[in-house]
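A closer look at the structure
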Amino acid sequence: MSVLEVKNISKRFGETEVLKDVGFSLEKGEVIAIIGSSGSGKTTLLRCLNFLETPDGGQIYVNGEILFDASNHKLLTEKDIRKIRLHFGLVFQSFNLFPQYTALSNVKLAGELLAKERSDYKENHKTILKEIDENASGLMLQVGLTDKMHLYPHQLSGGQQQRVAIARALALSPDVLCFDEPTSALDPELTGEVLKVIRALTEKNTTMVIVTHEMQFARDVADKVVFMDDGFVVEAGTPEEVFGHPKQERTIRFLERYSNL
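Before going into details, it helps to say that this report is about the structure given with it. Just so you know, these numbers come straight off a predicted model, no measurement behind them. Counting from 1, residues in each chain are numbered in the order their sequence is written. Restriction of local features to residues with pLDDT of at least 70 applies here, the model being predicted, together with a cutoff of 80 or more for giving and counting side-chain atom pairs; totals for whole chains, interfaces and linings are based on all residues. Hydrogens and waters are ignored; side-chain quantities use all the structure's heavy atoms.

Secondary structure elements are taken from DSSP: a helix is a run of H or I of four residues or more, a strand is a run of E of two residues or more, and numbering for both begins at the N terminus. On a plain count of helices and strands, the protein chain comes out with nine helices and 10 strands. Throughout, the radius of gyration refers to the C-alpha atoms, and the reference size of a globule is 2.2 Å times the residue count to the power 0.38. By the compact-globule yardstick of 18 Å for 261 residues, the protein chain fits well, its C-alpha radius of gyration being 19 Å. Referenced to the eigenvectors of the C-alpha coordinate spread, the extents of the protein chain come out at roughly 60 × 45 × 35 Å. What sets the accessible areas is the Shrake-Rupley method with a 1.4 Å probe; for residues, cover comes only from the shown protein chains. Roughly 13,100 Å² of accessible area belongs to the protein chain as shown, and the carbon and sulfur atoms make up 48% of that amount.

See the structure below:
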């Protein structure tokens, strides 16, 4: 059974069709890298998965259960959308940390807000909050920032902020972790520390969708690669198939920029 199955997702903004029948599937622990030029629809696809945008067509399944069907999406309430979002964690290009909270508090915040909706919160709030704190502290250790937990975002480097963002995305134990160009806002020497954390996640059997312009990284960590252009999936396959033996002329022209691959 696939952890994630995306079928025929489409999205338009006004007269512009940004996604055109996009589909792929992921098994538990697999990593899919989505590559392509700016404007090809990669980020919009991630935003549709995380319901920052609502697809106009298609279906999304997680663990074999249908989460979304465009034919009846108007029946979804805001509560339904929040429930769907719990299946996905999203790491943005520009970190999007809350500046008024410490690094640790940024990681804990969503869990604390959700905990208050639990029927047993008043009775067990101390135990619940302790568990959230321990989980967040463990994630800060996982991304190598135990000594930075009580600092504010402005006191951290870009690479450190992005690692906090990764810990925050992991805090609610999503089925699928999504990255939108996780190194695009970083200086080259800070890129490596973020990529190292993502590589470590692959060893922990984390299911991931990674939009990236780091072609060598995509080739090294991904189980599947999708090349998008003009809203379409032009080519998909293993890294060896897409990078080593591309079949489509558009893929070949795109990859010519990365001749070292």
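Another point: the layout of surface pockets. Cavities and pockets were defined on a 1 Å grid built from protein atoms only: a cavity is a group of points that admits a 1.4 Å probe but offers it no way out, a pocket is an open group of points flanked by protein on both sides within 12 Å along at least five of seven lines, and a lining residue is one with an atom within 4 Å of any such point. Grid points are joined across faces, edges and corners, and a volume is the space filled by probe spheres set on the points. What the largest pocket holds in volume is close to 1,100 Å³. Along the wall of the largest pocket there are 35 residues; nearest its centre are Arg85, Leu86, Ala110, Leu114 and Leu172. Secondary structure elements with two or more residues in the lining of the largest pocket: helix H2 (78-85), strand E6 (88-91), helix H3 (103-115), helix H4 (121-142) and helix H5 (158-170). For the lining of the largest pocket, the element with the most residues is H3, which contributes nine residues. Here the residues of the lining of the largest pocket are counted per class, giving 19 nonpolar, six polar and 10 charged. Just so you know the grouping, Ala, Val, Leu, Ile, Met, Phe, Trp, Tyr, Cys and Pro go in nonpolar, Asp, Glu, Lys and Arg go in charged, and all remaining residues, Gly too, go in polar.

Here we have four strands laid out as an open sheet, ordered E2-E1-E4-E5, and antiparallel in their pairing. Since the sheet does not close on itself, it has two edges, and those belong to strand E2 (16-26) and strand E5 (65-69), each with one partner. Put simply, the sheet's adjacent strands are angled 20 degrees from each other on average, direction ignored. The sheet strands contacting helix H1 (residues 42-49) are strand E1 (4-13), E2 and strand E4 (57-62), and the helix crosses E2 at an angle near 65 degrees. Pairing between strands requires that DSSP locate at least two bridges from one strand to the other. All axes here are fitted lines through C-alpha atoms, helices being fitted over the stretch that makes contact, and every angle between N-to-C directions spans 0 to 180 degrees. Only heavy atoms matter for contacts: two residues are in contact if any of them lie within 4.5 Å across the pair.

Counting residues in hydrophobic clusters, the biggest one holds 34 residues, and the most contacted among them are Met140, Ile166 and Phe179. Breaking this core down by element, the ones donating at least two residues are H3, H4, H5, strand E7 (176-180), helix H6 (188-203), strand E8 (208-211) and helix H7 (215-221). Among the nonpolar cores identified, the runner-up in size contains 30 residues, and Leu26, Ile34, Phe68 and Ile84 belong to it. Take the buried residues of types Ala, Val, Leu, Ile, Met, Phe, Trp, Tyr and Cys, join any two whose side-chain atoms come within 4.5 Å, and each joined set is a nonpolar core. Only protein chains enter the accessibility calculation, which uses a 1.4 Å probe. A residue is then buried if its area is under 20% of the maximum for its type, exposed if over 50%, and partly exposed in between.

Right, let's talk about the packing of H3 against H5 for a bit. Two elements in contact, H3 and H5, have axes whose closest approach is 8 Å; the angle formed by their N-to-C orientations is 25 degrees. The orientation of H3 with respect to H5, classified from their angle, is roughly parallel. Once H3 is placed against H5, the crossing between them reads as right-handed. Packed against H3, whose contacting residues are Ala103, Asn106 and Val107, the element H5 presents Val164, Ala167 and Arg168 at the interface. Tallied by class, the residues present in the contact of H3 with H5 amount to four nonpolar, one polar and one charged. Small angles under 35 degrees read as roughly parallel and large ones over 145 as roughly antiparallel, with 65 to 115 read as roughly perpendicular and the rest as oblique. Left-handed is the label given to a crossing in which the near helix is rotated counterclockwise from the far helix by less than a right angle, and right-handed is the label when the rotation is clockwise.

On to unusual backbone geometry. For asparagine 63, which is not glycine, the phi torsion reads 55 degrees and is therefore positive. Position of asparagine 63 among the secondary structure elements: in the loop between E4 and E5. According to the relative accessible area criterion, asparagine 63 is partly exposed, its value standing at 34%.

Attention now goes to the packing of aromatic side chains. Each aromatic ring pair is characterised by the separation of its centres together with the angle its planes make. Pairing of aromatic side chains requires ring centres within 6.5 Å, counting the rings of Phe and Tyr and the six-membered ring of Trp. Pairs whose planes differ by under 30 degrees are stacked, by over 60 edge-to-face, and all others tilted. A full pass over the atoms with the stated rule returns three aromatic pairs. When the centroid spacing of 5.2 Å and the interplanar angle of 75 degrees are considered together, the rings of phenylalanine 51 and phenylalanine 68 count as edge-to-face. Here phenylalanine 68 lies in strand E5 and phenylalanine 51 lies in the loop between H1 and E4, a separation of 17 residues in the sequence. Judged by relative accessible area, phenylalanine 51 falls into the buried class, the value being 4%. A residue is classified by how much of its surface remains accessible, and phenylalanine 68, at 1% relative accessible area, is buried. Judged by centre distance (6.1 Å) and plane angle (85 degrees), the ring pair of phenylalanine 98 and tyrosine 101 falls under edge-to-face.

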